[in-house]
Every structure is written in C-alpha cells, then in structure tokens.
Amino acid sequence: MAKAVSPGVQALRKVVDDVYADARKAKAEGKLVGWSSSKFPCELAEAFDLNVMYPENQAAGIAANRDGEIMCQAAEDLGYDNDICGYARISLAYAAGKRASRKFDPETLEYIIDPKSGKPLKDADGKVVIDPETGKPKKDPKTMQPYTVLDDIYEIEALPETTEKERAYKNFRREAIKPYRQMRMPQPDFVLCCNNICNCMTKWYENIARMRNIPLIMIDIPYNNTVEVHDTNVAYVRAQFDAAIKQLEEITGKKFDEKKFEQACANANRTAQAWLRVCDYLQYKPAPYSGFDLFNHMADVVTARGKVAAAEAFELLEKDLAEQVKTGATTTPFPEQYRVMFEGIPCWPKLPNLFKPLKANGVNVTAVVYAPAFGFVYDDLDGMCRAYYKAPNSVCIEQGVDWREGICRANKVDGVLVHYNRSCKPWSGYMAEMQRRFTADLGVPCAGFDGDQADPRNFNEAQYETRVQGLVEAMEANKAAKEAAAK
Amino acid sequence: MSIDVLLKEFQEVSEHPYKVLSQYKAEGKKVIGVLPYYAPEELVIAAGMVPMGIWGSNKKTIALAKEYCATFYCTIAQLALEMLLDGTMDQLDGIITPTICDTLRPMSQNIRVAMGDKLPCIFLAHPQYRRPAFGMQFTVDQYTNVKKELEKIAGAEITDEALRGAIKTMNASRAARREFVKLAGQHPEAVSAVLRSAVLRSAWFMEKAEHTAKLQQLNAELAALPASNWKGKKVLTSGIICDNPKLLQIFDDNGIAIAADDVAQESRLIRVDAAETGDPMMALAQMYADQDYDVLLFDEKSSENRRADYVVKQVKESGAQGLILFMQQFCDPEEMEYPYLKKALDAAGIPHVKLGVDQQMRDFGQASTAIQAFADVL
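Draft legend 1. Expanded view of the overall build of chain A. Counting its regular elements, chain A contains 19 helices and twelve strands. By the compact-globule yardstick of 23 Å for 487 residues, chain A fits well, its C-alpha radius of gyration being 24 Å. Taking the principal axes of its C-alpha atoms as reference, chain A extends roughly 85 × 70 × 45 Å. Across the 487 residues in chain A, those meeting the buried criterion constitute 57%. Restricting the contact set of chain A to residue pairs at least 6 apart, pairs at least 24 apart contribute 77%. Of the accessible surface of chain A, which amounts to about 20,000 Å², a share of 52% is contributed by carbon and sulfur atoms. Mean positive and mean negative side-chain charge positions of chain A (64 and 69 charges, respectively) differ by 3 Å.

Quick look at the structure:
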C-alpha cells in the first residue's frame, strides 16, 4: 500500500509537477524556455513571466531514477572528464540531446524487458513468492522494466519519415525516451547562471550556451572571505542585476515589469520563510518527519520559490506538521534514537542505501544544511544582493560553521554525518576543518564517507555502513557518558 | 655569458626555490607568496617586497595537507598547503590566496585557518565580469584590499609612483618572457624543453628585475643565432602547468620542440600588460580585464568558441604541428573546456593528445609512450 501523504506534501509535489508541465506546454506553444542554476535570483525571470527549468533539480531526479550513470557516461563520451561534477555531466549530456531511453525491437516495436528488473512478487499474505524452478523469488511482471539504453533526440529528429513504417519507428523511438518529467524537460532557449554555488557552474552554463547557441545571462558572485557582505560586493551584484534585466528585455522583447518583480520578491520571501519554518519542525523531539524528506521538498524551493503556489504549499505542510507535533506523531518510519545532521548533498542514486543503516540504528536526520542554504530572506534590493551572496559554497568557513552549528544546536543533534562528495569540490573542500570544529564546539562525534551526488560509481556502500556504525557507537558512548555524569 | 651558462643559472633557480627564498631573506627582504591565478604581483613589488609564485612542487608528497582536504583536489593547491604546513614556507612574510577556481575557494579558508597567527593570508576574489565598469570597479576594490594588507606587512604606504614603477618592472618581465617564448620556439636546438620551462618557472621565484635583466641577455644571444635547421617535430603545449623536468625530458629525448604554449604557469598569465601612465590601480584592473582566452575566465560571448579558436590560431602561427594537452587532474575548468578545444582542433585538422598529469606523478612511462606515439603521427 502506498504511504499516506499529507495534503502539504501533495501540494508541494503538484507545484514541481506544474513547473515542468508548464514549461513543456510553453515550449510546445513556441514560447521561450530557460534553464537556470538553482540559486540564480529567480525573481528576475519571474518578472518577465518566463518558464524556467532547473538542471540541478533535473540531474538529482535523473540520478534518483537510476539514470545518473548512463547520462554521466554519455557526457564522458562527449569528452567531459569523469572528475567533473555529476550534475554538470548529466546536464551537459542532456543539453547535447542525450536521453535515457527504453530498449525496443525496431521490427515489432515492442519493449525488450530486462529480466533482472522488477520487484519480488508477493502473495495475498504479503509473502514473497518463490519460483520452484530456480528457488529464487519470482518477479512481479507489472514492475519489470525494459533495458535502459542511450538515445539522442537530434538523431531521432533527423530520421526519415517518408514511409508508414519509418514514421511508426520514429514515433516509437520518441516515445521510448523514459517518461519521467526530468527526462522530458524541454531544451533551453536561454540560460541563467549564478555562480554563487560554484565556479563549475560558470563553465557548465557556458558549455550549454555554446552547445545550443543561445544567450547566457550571468550573475557573478565572487567568493567571500568575511561573514558580512561588504557594500562594494553589493554594488557589484546590483549592477549585474541591471545588466541582466537589460539582457532579459532584449531576449523577451518585453519591458521589465516592476510590479511583477515586486510580487515575485514577496513570493520568494514568503516561500523562504515558510521553508525555514518547515525546517524548524525538525527541532521537535521526536522530529515529526525525517530530514530526508526535506531533500525532496528542496525541489520546490529550487524550482518555484518565486511562485505563490510554493509559498502556499509550504504553509500547508506547516499546518500538517503543527497537527502532528500536537500528538507527537511522526512520519519517520522508525523510533528515533539518535539525531544527526547530514552534511552535504545526498547521494541521489543511493538514497535507499543511505537510509538503510540509519533506519537500522534508529538514526534520524534532523538537520540538513539546505535549510539555511535556501532561506533567501530580504527586505530590499541591496538585501536581495546580500541574500544571494550567501550560498553554501560562497561563504567563508566561519559563516559556514556558524550556520551548521546553529541548526545542530537548535535541532539537537547527537552527531554529524559528512558526505565527502566527489562532485562538489567547493563544498567538500573545507569539511575536514569543519568536522574538527563541530566536535570541539558541540561535543558531538562526526563521521565522513565518500560518495557522489549523482554518479553511483563513486559511492562505496560497505565504507558508508562502517562509518555509520562508527558514528552510532560514538554517539552511544557520548550518551552513556552524559547519563553517567547526570547521575 | 653563453647561452648554456645563462640557461644553467635559470635552471639552478628553478630547481631550488627554497635557496632563493632563503637568500632574499638573508638579504633582509620581505617575501610574499603568490598562489595562482592573476594576483597582481605589481602591488608586492611596489611595497618593496618580493613576490614568489607558489605552483606546488614536483618533489614533495602530500601528507600533512590530508588533514585539510580529500584526495580529489588539484595537487598544485594541495602541495602549496603541504609546503605551508611542513615548514618549507616558514620564511614567507605573507601569502596572497586568489579564489578563481572551486579548489582555491575552500583552499583559501584552509590556508587561513592552518596559518592562524603564523602568516598573514591576503584574500583575493576576482570578478568574472572583468570588462564592464562595475567589474573594473570590483577589481579595483579587491586590489585595494590587497594593497592595504601588503602595506601593513611592508610597514609603509604604496605610493602611486612606486606602483607605476612596479608596473614598468612587470611589463618588462612579461615582454622579455614573451620574447623568450618566441625565440625558444624558433631555436629549439639551443633551448631544450627542460630548460625552456626552467627559464619561465624561475620568473616566479626570482626578483623580477633581476630575472628580466638575465633573460634579456639570453634573448639577445638567442636572437643572434643563425636560423634554426630543426629536423624534429614542433608542438604547442596547453594546460595549467607542465614544469616537471622528467616529463619534459621525454620531449627532448624524442626531438619534440615546444613552439609556443597555452600554459597557465608560462604564457597564459603574461599575455597582456598594464598601462604605465594614469591611475595605476585602474591600470591593473584594466590589465585583468584585457585577459582573455583562459579556461578560468568567463567569456561573455560564451555561445562562441573563442578560446579554442584562439588556441588553434596559436598553433598555426607558432608553426606547431600538433598540440599536447597536459590535463591537470581534478582541474574542472580545464576539463570543462576540453570537448570544445577538441572540436576546434579536429575541425582545423590539428592533431592533439591529452595527457593526465599531477604533481605526485613519479613514473612517466605511460606519458613517454603516448608522447612518442603522438610524435610519430605528426
């Protein structure tokens, strides 16, 4: 039976579905569709009513749908090194027209099912049915999938369609592309890049612009070494907003609509504030949900924070959570024994594997760095510049530590699990020092593991399980020592 | 002095930067370490101090730096940190940490934390909008911060006059190096690949005026040589760095000359000069604005393939028959630009080979095979 989903979560899912559906519709109607980095000031695009899609969100979705490897490999075949960020590789392969598709027989136009796919078949009592011939569990045919193959939309479009057979084949090949929304995102007419997250973003978007021969609108946020954002830095970003507006006016042929911009800013602030309040519910003991759920809701702050629907959906979720905490209910599917901060972007292709040892040990994730990372709250334009200056990888170590220790304290964590993410050099680059500070300042143990946000080849499950085990033992010892001291 | 004697002197410096640093310190000079990329060395010189480039090391092994970074970081940055931690750089009076790539961003923090009160760390963030007025202003703002920090270390103000003088010194150094690159490409029989690198590398360690004077002598000797009758192959080198003598020996052993380069440590950073008159801070900002065709820099005309087209032009103009790309491991800006470089080279019919390198490499057997095989097809 499917897990019961609260109205807030349902609303949040719809918001993201709509973003993708609207963009597909816009593209079909011949309107401009853009791709944007997640922390580009979306308020600017909203002021022009532009349909904008988010390659980072898309790459995470593709990775979670287990197509990260085939897309990363496709990018590598185009010449992009496997050291490059997995999101960038997936996105660049996609921009080049590469798609994960379903294998089919070109003669019969029937899918070729992968016998290894699918879930075990269960009987009426929920017991796994064993195949008497092989002694292994039988597969539920409804869950079995065709083999995954790589295809190319530009190759498909170049196919002839003179005969009935050719047309049928071409159509089937189009339809064979995996049907989930991230694999059906329209190609871009322009790109919006803000490098507050990383410099890789700059090169990634330059590559897309070159590949598709489209305009690139760039907001450059140089790295900052101090907690405060100086006026000179604000002036630099303000001037870029003006330049970006001018560029958007040229691209759209529309005048900048200040009213719409103000509305988008108001929406973005409302969403950010609701997002932060939702994140704050993780402070309750036990937490009414698992921090892993926040990773899913991130899609909304990324793709729709300038839209009123996103703000409303988060406010709805907030209400659900308020009800839940009244009764002490939680959606975490296990009793919470330990609370940890999960540092970094999750390994999307391996979410179940990440979750498994946590569940087994009663470890709930009650803090994630994404909470403050998307809390762009501001009063005016200068404030907006300052807000966008503070992305996770554009702040100095003191600010980074302060954010994290703040949520660790508020959300009462017993330990920290650090993802050394092969894809993210700026993020992982000062984690060793941060770990030392967490332990020194908060007295909590930390454990690091090697992984990747999108490329499953960089995750070692055995190492991860050992590290989680080590962290649990350290938290256990800490707890015992505290209890002994209390006596 | 003969060409060989001069080359040996540069090689001595290139091989022993620690000796050079110790010598400057013994002379009572203050020395500022300069990490890649685009730090304005002019400001250091104007403050009466010696800028010394830090480009990792071909001899050290990463050990202490592991306390700060995971394995998947460029070895240039890791080894710079290693040398700050293991005492090699203890004599420095300060260090400038630019942050133009994703490794240098967190590394600036690691270095600052690791150095604590031991060494002043001067932070530098360049804008990616180099040319518009607001970008120029941001560069001036950042350089002004650097200037103030340098003044504190020097204990004296940097005057405009001193800065103009430093610009002249640096312009002369860059001009001499550019001239040398040209002459070395024309006379490979006189300047081996190993020694060519030593000359360019030593510029990062020696006082610029001293290096320029010696280099001008060398250039004069090279210019006086009869036209070369080079029978070997000629290539253009590309990448962040290729200064390992053992790697470059493979070129010399196989009769491969370096006609010119698109290497950050060699020519990429010395392509343009600063104005010697007017507001000197603005002149430095303008110089950065004039930089172009670099994997580290944003290209406002990004839908074109300008950098790769420029490299193709360099290959053609230098008379190189092909390109050897030294791909620094974990350098994502360089890696991100590779597919479009390849596209432009292929379109122009220029053969190339991509070699993965890092500064922990000790065995060059594979590189040797690849370079030999490449030379055979040229």
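Draft legend 2. Spotlight on the packing of aromatic side chains. On inspection of all chains with the given rule, the structure shows 32 aromatic pairs over all chains. On the numbers, 5.7 Å between centres and 75 degrees between planes, the contact of Trp-275 of chain A with Phe-314 of chain A is edge-to-face. Remark: Phe-314 of chain A occurs in helix α12 (residues 308-327) and Trp-275 of chain A occurs in helix α10 (residues 258-280); sequence separation between them is 39 residues. Assessed through its relative accessible area of 0%, Trp-275 of chain A is described here as buried. Look at Phe-314 of chain A and you get buried, because its relative accessible area is 0%. Ring centres 5.0 Å apart and planes at 25 degrees place the aromatic pair Phe-72 of chain B and Tyr-73 of chain B in the stacked group. Take Phe-72 of chain B and Tyr-73 of chain B: they sit in the same class, and that class is buried. Three or more aromatic residues joined by ring pairs form one cluster here, namely Phe-292, Phe-295, Phe-334, Phe-342, Trp-348, Phe-355, Phe-449, Phe-459 and Tyr-464 of chain A. Looking at Arg-99 of chain A, its charged tip hangs above the ring of Tyr-94 of chain A, at a distance of 3.4 Å from the centre. Of note, Lys-354 of chain B hangs over the ring of Tyr-338 of chain B, and the distance from its end group to the ring centre comes to 4.5 Å.

Draft legend 3. The arrangement of the environment of Glu-318 of chain A in detail. Residue and element names in this part refer to chain A. Here Glu-318 shows up in helix α12. We classify Glu-318 as buried; its relative accessible area is 16%. Setting aside residues up to four positions removed in sequence, Glu-318 forms contacts with Ala-274, Arg-277, Val-278 and Tyr-281. In terms of polar contacts, Glu-318 uses its side chain to reach the side chain of Arg-277, at 2.7 Å.

Draft legend 4. The interface of chain A and chain B, seen in detail. Facing 57 residues of chain A, the contacting portion of chain B comprises 48 residues. For the pairing of chain A and chain B, the buried interface totals around 4,400 Å² over both sides, and the portion due to carbon and sulfur atoms is 56%. The largest share of the area that chain A buries against chain B comes from Arg-210, Tyr-223 and Lys-425 of chain A, three residues that together contribute 18% of it. Viewed at the interface, chain B and chain A are joined by six salt bridges. Summed over the shared surface of chain A and chain B, the number is 28 residue pairs in polar contact (both at pLDDT 80 or more). Secondary structure elements with two or more residues in the side of chain A that touches chain B: α5 (86-95), α8 (200-212), β8 (216-219), α9 (231-252), α16 (397-410), β11 (415-421), α17 (425-428) and α18 (431-442) of chain A. Taken together, the residues of the side of chain A that touches chain B break down into 28 nonpolar, 17 polar and twelve charged.

Draft legend 5. Representation of the pairing of strand β5 (residues 233-239) of chain B in the model. Residues and elements named next belong to chain B. In terms of burial, β5 is largely enclosed, as six of its seven residues are buried. In terms of strand pairing, β5 meets strand β6 (residues 256-263) through seven bridges, oriented parallel. Each residue of the ladder has a partner; that of Thr-237, found in β6, is Asp-261. Tracing the backbone out of β5, into helix α10 (residues 245-253) and back to the parallel element β6 gives a crossover that is right-handed. Bridge analysis of β5 against strand β7 (residues 322-328) gives five bridges, and the strand direction is parallel. Each bridged residue has a counterpart across the sheet, and for Thr-237 the counterpart in β7 is Ile-324.

Draft legend 6. Layout of the nonpolar core. Membership of the largest hydrophobic core comes to 264 residues, with the highest contact counts inside it found for Tyr-370 of chain A together with Tyr-37 and Leu-218 of chain B. Each of two domains, domain 1 (7-98 + 182-256) and domain 2 (333-486) of chain A, supplies a minimum of three residues to this core. Not counting residues within four places of it along the chain, the set of residues in contact with Tyr-370 of chain A comprises Trp-275, Phe-295, Met-298, Gly-344, Ile-345, Pro-346 and Trp-427 of chain A. One finds Ile-258, Ile-324, Val-353 and Ile-371 of chain B within the second-largest nonpolar core, a separate group that totals 22 residues.

Here is what the cut-offs are and how they apply
- Residues numbered from 1 in each chain as written.
- Chains lettered and ligands numbered in written order.
- Predicted model: local features only at pLDDT ≥ 70, side-chain atom pairs only at ≥ 80, totals over all residues.
- Heavy atoms only, no water.
- Helix = DSSP H or I, 4+ residues; strand = E, 2+ residues; numbered from the N terminus.
- Rg over C-alpha atoms; globule rule 2.2 N^0.38 Å.
- Buried < 20%, exposed > 50% of the residue type's maximum accessible area, 1.4 Å probe, protein only.
- Contact = heavy atoms within 4.5 Å.
- Areas by Shrake-Rupley, 256 points an atom, 1.4 Å probe, with all protein chains shown as cover.
- Lys, Arg positive; Asp, Glu negative; His and termini not counted.
- Charge placed at Lys NZ, Arg CZ, Asp CG, Glu CD.
- Phe/Tyr/Trp six-rings, centres within 6.5 Å; stacked < 30°, edge-to-face > 60°.
- Lys NZ or Arg CZ within 6 Å of the ring centre and 35° of its normal.
- Polar contact = N/O pair within 3.5 Å; in protein donor to acceptor, adjacent residues only side chain to side chain.
- Buried area = accessible area lost by both parts, 1.4 Å probe.
- Salt bridge = Lys/Arg side-chain N within 4 Å of Asp/Glu carboxyl O.
- Nonpolar A, V, L, I, M, F, W, Y, C, P; charged D, E, K, R; others polar.
- Pairing = 2+ DSSP bridges.
- Right-handed = clockwise from strand over helix to strand, strands pointing away.
- Core = buried A, V, L, I, M, F, W, Y, C linked by side-chain atoms within 4.5 Å.
- Domains from an automatic or database assignment.

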